[in-house]
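Analysis of the macromolecular model
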Amino acid sequence: MRMTVLVLDGVIFFPAAWWLSKRLGGGQASVACRFGLVLMQPALLLIDHGHFQYNSVSLGLALGAAAALC
């Protein structure tokens, strides 16, 4: 995996997933559970990081847009 993929995941995808998890409400435990579920999504682990490495950038932008709509 390229280093730029890891950097972009840390800059775009992870904060967007955390922001969406916080915007959906609930206690701290439910926020952490939702965040973990987003990160452990099988399609993201198997496909995006195995073959299409930069798809997590577009997924992070979509998660950020969904959080902004909430």
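Attention shifts here to the overall build of the protein. When helices and strands are tallied, the protein shows four helices and zero strands. Helices and strands in the protein line up, N terminus first, as α-α-α-α. Pairs at least 24 apart in sequence give 61% of the contacts found in the protein among residues at least 6 apart. Taken as a whole, the protein presents about 4400 Å² of accessible surface, with 73% of it coming from carbon and sulfur.

To continue, consider the packing of helix α1 (residues 3-23) against helix α2 (residues 28-39). The interhelical angle for the contact between α1 and α2, taken along N-to-C directions, is 140°, at an axis separation of 9 Å. Judged by the angle between their axes, α1 and α2 are oblique. Regarding α1 and α2, the two cross each other, and that crossing is right-handed. Of the residues in α2, those in contact with F13, F14, A17, W18, S21 and K22 of α1 are Q28, V31, A32, R34, F35, V38 and L39. A class-by-class count of the residues in the contact of α1 with α2 yields nine nonpolar, two polar and two charged.

This part is about the packing of α1 against helix α4 (residues 55-69). Running from amino to carboxyl end, α1 crosses α4 at an angle of 30°, the nearest separation of the two axes being 8 Å. As judged from the angle between their axes, α1 and α4 are roughly parallel. Taken as a pair, α1 and α4 cross one another with a handedness that is left-handed. On α4, the residues touching L8, D9, I12, F13, A16, A17, W19, L20 and R23 of α1 are S56, V57, L59, G60, L61, L63, G64, A66, A67 and A68. Tallied by class, residues from the contact of α1 with α4 come to 14 nonpolar, three polar and two charged.

On to the environment of L69. One can find L69 in helix α4. Here the alpha-carbon distance between L69 and R23, two residues 46 residues apart in the chain, equals 9.5 Å.

The rules we used
Each residue is numbered by its place in its chain's sequence as written, counting from 1. Reporting in this predicted model follows two pLDDT cut-offs: at least 70 for local features of residues, and 80 or more for side-chain atom pairs to be given and counted; totals over whole chains, interfaces and linings ignore these cut-offs and use all residues. Hydrogen atoms and water are omitted, and side-chain values are computed over all heavy atoms in the structure. The secondary structure listing takes helices from DSSP runs of H or I that are at least 4 residues long and strands from runs of E that are at least 2 residues long, numbered from the N terminus. Residue contacts are defined here by distance: any two heavy atoms, one from each residue, within 4.5 Å place the two residues in contact. Per-residue and other accessible areas were derived by the Shrake-Rupley procedure at a 1.4 Å probe size, with only the shown protein chains allowed to occlude residues. As a rule, the C-alpha atoms of each element are fitted with a line to give its axis, helices using only the stretch in contact, and angles between N-to-C directions run from 0 to 180 degrees. Oblique is the label for every angle not falling under 35 degrees (roughly parallel), over 145 degrees (roughly antiparallel), or within 65 to 115 degrees (roughly perpendicular). The hand of a helix crossing depends on one turn: near helix anticlockwise from the far one by less than a right angle means left-handed, and clockwise means right-handed. Three classes are used, and their members are as follows: Ala, Val, Leu, Ile, Met, Phe, Trp, Tyr, Cys and Pro are nonpolar, Asp, Glu, Lys and Arg are charged, and the others, Gly among them, are polar.

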